[in-house]
Structures are given as structure tokens and as C-alpha cells.
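Here are the chains, one letter per residue:
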Amino acid sequence: MQKSTMIKKETAEANRKWYDIDASGVILGQLSVVAANLLRGKNKPTFTPNVDCGDYVIIRNASKVVLTSNKAEKEFWYSHSGYIGGLRKRSGKEMLEKYPDELVYIAVKGMLPKNRLARRIITKLHVYKDAGKDHTAQTPIAYKVK
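Notes on the structure in this doc start here. As the structure is a prediction and not an experimental result, all values here were calculated from the model.

**Description of the overall build of the protein**
Thinking step 1. In terms of regular secondary structure, the protein is built from 6 helices and 6 strands.
Thinking step 2. Each helix and strand of the protein, placed in order from N terminus to C terminus, yields the pattern α-β-α-β-α-β-β-α-α-α-β-β.
Thinking step 3. With respect to the principal axes defined by its C-alpha atoms, the protein has extents near 55 × 35 × 30 Å.
Thinking step 4. Counting all 146 residues of the protein, 38% fall into the buried class.
Thinking step 5. The long-range share in the protein, meaning contacts at least 24 apart out of those at least 6 apart in sequence, stands at 70%.
Thinking step 6. Summed over all atoms, the accessible surface of the protein reaches about 9300 Å², with 53% contributed by carbon and sulfur.

**Focus: the pattern of salt bridges**
Thinking step 1. Using the criterion set out here, one finds 5 salt bridges in the structure.
Thinking step 2. Note that Arg16 is salt-bridged to Asp52, the shortest N-O span being 3.7 Å. Of this pair, Arg16 sits in the loop between α1 (9-14) and β1 (18-22) while Asp52 sits in the loop between α2 (28-40) and β2 (56-60), placing them 36 residues apart in sequence.
Thinking step 3. When the shortest N-O distance is used, the salt bridge between Asp52 and Lys124 registers 2.5 Å. Remark: Lys124 occurs in the loop between α6 (116-121) and β5 (125-127) and Asp52 occurs in the loop between α2 and β2; sequence separation between them is 72 residues.
Thinking step 4. Through salt bridges with shared partners, a single network forms among Arg16, Asp52 and Lys124.

**Regarding helix α5 (residues 100-111)**
Thinking step 1. Taking 1.5 Å of rise per residue, the 12 residues of α5 would be expected to cover 16 Å, and the 17 Å separating its terminal C-alpha atoms lies within 8% of that figure.
Thinking step 2. For α5, every residue scored as buried is listed here: Pro100, Leu103, Val104, Ala107 and Val108. For α5, the angular spread of the buried residues around the axis is 125°, confining them to a single face.

**Some points on the nonpolar core**
Thinking step 1. The biggest cluster of nonpolar side chains holds 30 residues, and the ones touching the most others in it are Ile21, Leu31, Val57, Ile59, Val104, Val108 and Leu125.
Thinking step 2. The set of elements that each furnish at least two residues to this core consists of β1, α2, β2, α5, α6 and β5.
Thinking step 3. Counting residues per element, this core draws most heavily on α2, at 7 residues.
Thinking step 4. Ignoring anything within four residues of it in the chain, the contact list for Val104 reads Leu28, Leu31, Ile59, Ala62, Val65 and Val127.

**So, the pairing of strand β3 (residues 76-80)**
Thinking step 1. Bridge count for β3 against strand β4 (residues 87-91) is 5 bridges, and the pairing is antiparallel. Bridge pairing links His80 to Leu87 in β4.
Thinking step 2. Hairpin geometry of β3 and β4 is characterised by an intervening segment of 6 residues between the two adjacent antiparallel strands and by a positive phi of about 100° at Gly82.

**A short note on unusual backbone geometry**
Thinking step 1. At Asn61, a position not held by glycine, the phi torsion is positive, near 55°.
Thinking step 2. Residue Asn61 is classed as buried on the basis of its relative accessible area, which comes to 15%.
Thinking step 3. Residues other than glycine seldom take positive phi values, yet Ser69 does so here, at roughly 55°.
Thinking step 4. Counting through the fold element by element, Ser69 comes out in the loop between β2 and α3 (71-74).

Calculation notes
- Residues numbered from 1 in each chain as written.
- Predicted model: local features only at pLDDT ≥ 70, side-chain atom pairs only at ≥ 80, totals over all residues.
- Heavy atoms only, no water.
- Helix = DSSP H or I, 4+ residues; strand = E, 2+ residues; numbered from the N terminus.
- Buried < 20%, exposed > 50% of the residue type's maximum accessible area, 1.4 Å probe, protein only.
- Contact = heavy atoms within 4.5 Å.
- Areas by Shrake-Rupley, 256 points an atom, 1.4 Å probe, with all protein chains shown as cover.
- Salt bridge = Lys/Arg side-chain N within 4 Å of Asp/Glu carboxyl O.
- Expected span 1.5 Å × (residues − 1).
- Arc of directions from axis to C-beta.
- Core = buried A, V, L, I, M, F, W, Y, C linked by side-chain atoms within 4.5 Å.
- Pairing = 2+ DSSP bridges.

Okay, here's the thing in C-alpha cells:
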């Protein structure tokens, strides 16, 4: 019988990679599932649910992501400032035009578990509207979303 491996935090931090994803023409849901799995480390054989063993993810061209069906007109994204009357409501079309990086960030964050570990994991996500910042020093691996 083979024993399960429980990776330690120090080992996980030493084996991190950088992935570069081009979001041009990719459906938002598919993109966010792939990004969330890379951030959590579910693609690795040493995945441990209670340790941050995932990799860094760079998402470029967020403005070219695709919303399927009629989500651009009928779906809304809400946020609240905490003050009375502070509810902000944005349509899918408005989010794609003005805030595509925020749209992708919210979608990926929604795919992560709701706990303290996820709040640490989401800091490894970098989303850019267009080509974005140059990350060649980190030697990112190009990742193709199917």
C-alpha cells in the first residue's frame, strides 16, 4: 500500500512556478477554473488541501475574454461600500468594457474555497487588461486553456 504525501509549507514554496495565460477568446468560466486549479496546486501530484502549494498565475488580455449566452446584458455584478445606499450594480457589458481585470479576478476568486488559505492564495494571481507588465524575470511558462 502506497503512503500519501503531505507536503510542508517550506517544500511548497521552493517548488513554485509561474504560468502565463492568454485570455484572448477564452470563455470566462473555463479560464477561471484553470487559473484556480493552478493557484491551488491541484495539477500537482503533491497537492495538499491545507497547504498553499500552488503556483503563480499571470492572466493577460482580460479585455478579450468571452461571456457566453446573454450574460453581458442579463447578469450583474454587485458590490457594497458598507454605507447606506452604497450598493453598486454593474452589468456584464460594463464590466467587460471598463473593468475586465476586475471581472476575471472576481471569477477566479469565486472558484477558490472561502477560507484564510484562499485569501493567501489569491495574492499569487496577476490580471492585466492588455499585454501588461513584463514578467520575463520570473520565466513564466505559457499555459494554453482548452
